[in-house]
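Examination of the molecular architecture
The primary structure of each chain is shown beneath.
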Amino acid sequence: MTAAADRLAGILARGIDNDEGFAHELAAVSEILRQDGHPTSAEGMLRLSRHHRIRSMEGRGKLVALQDHAGHAEDAHFLDGETGHPDGG
């Protein structure tokens, strides 16, 4: 994978971690609100939790696609006889 693809993969991974953390925390807050008798607020927090869970899954899909694309690009260079090294090695 190129340096740019590595950086993008790192950014995507941090976004996935953030969204998963937000989803977990919002779900916990939702449960507390539900137990305290605030069903409308609990549902709002649960919707936000689901939103972040979906974003996390989307991020995972993008990360896999990036890794797959980068892998195919490296395979194509190898098959073309290009190594990507300045000395040709």
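Shown above is the structure to which this text applies.
In short, a report on the structure. (Residues numbered from 1 in each chain as written. Predicted model: local features only at pLDDT ≥ 70, side-chain atom pairs only at ≥ 80, totals over all residues. Heavy atoms only, no water.)

**Comments concerning the overall build of the protein**
Quick reminder of the rule: Strands here are runs of E lasting at least two residues and helices are runs of H or I lasting at least four, both read from the DSSP assignment and numbered beginning at the N terminus. The classification of residues rests on relative accessible area computed with a 1.4 Å probe and restricted to protein chains. Under 20% of the type maximum is buried, over 50% is exposed, and intermediate values are partly exposed. Computed with the Shrake-Rupley method and a 1.4 Å probe, the accessible areas treat only the protein chains shown as cover for residues.
A count of helical and extended segments in the protein gives two helices and zero strands. Out of the 89 residues in the protein, the part that is buried amounts to 19%. Total accessible area on the protein is roughly 6500 Å²; 59% of this is exposed by carbon and sulfur atoms.

**Section: the side chain of His52**
Heads up, the condition is: For the purposes of these results, a polar contact is taken to be a pair of N or O atoms within 3.5 Å, where, inside protein, one atom must be able to donate a hydrogen and its partner to accept one; residues adjacent in sequence count only when each atom of the pair is a side-chain atom. Working rule for contacts: check all heavy atoms of both residues, and any pair within 4.5 Å makes them a contact.
Residue position: His52 is located in helix H2 (residues 39-79). Separated by 2.7 Å, the side chains of His52 and Asp19 make a polar contact. Those residues in contact with His52 that lie beyond four places of it in its chain are Asp19, Phe22, Ala23 and Leu26.

**Description of the environment of Glu58**
Among the structural elements, Glu58 can be located in helix H2. Relative accessible area serves as the criterion here: at 45%, Glu58 is assigned to the partly exposed category.

**Comments concerning the side chain of Asp19**
Summarising the element assignment, Asp19 is placed in helix H1 (residues 3-35). Sequence-distant contacts of Asp19, defined by excluding residues within four places in its chain, comprise His52, Arg55 and Ser56.

**A closer look at the pattern of salt bridges**
This is how the line gets drawn: Take a side-chain nitrogen of Lys or Arg and a carboxyl oxygen of Asp or Glu: if they are within 4 Å of each other, that pair is a salt bridge.
According to the stated counting rule, one finds four salt bridges in the structure shown. The residue Arg60 makes a salt bridge to Glu20 at a minimum N-O spacing of 2.6 Å. Taken together, the residues span a long stretch of sequence, with Arg60 in helix H2 and Glu20 in helix H1 at a distance of 40 residues. A salt bridge links Arg50 to Glu43; the nearest nitrogen and oxygen atoms lie 3.5 Å apart. Owing to a relative accessible area of 46%, Arg50 belongs among the partly exposed residues under this scheme.

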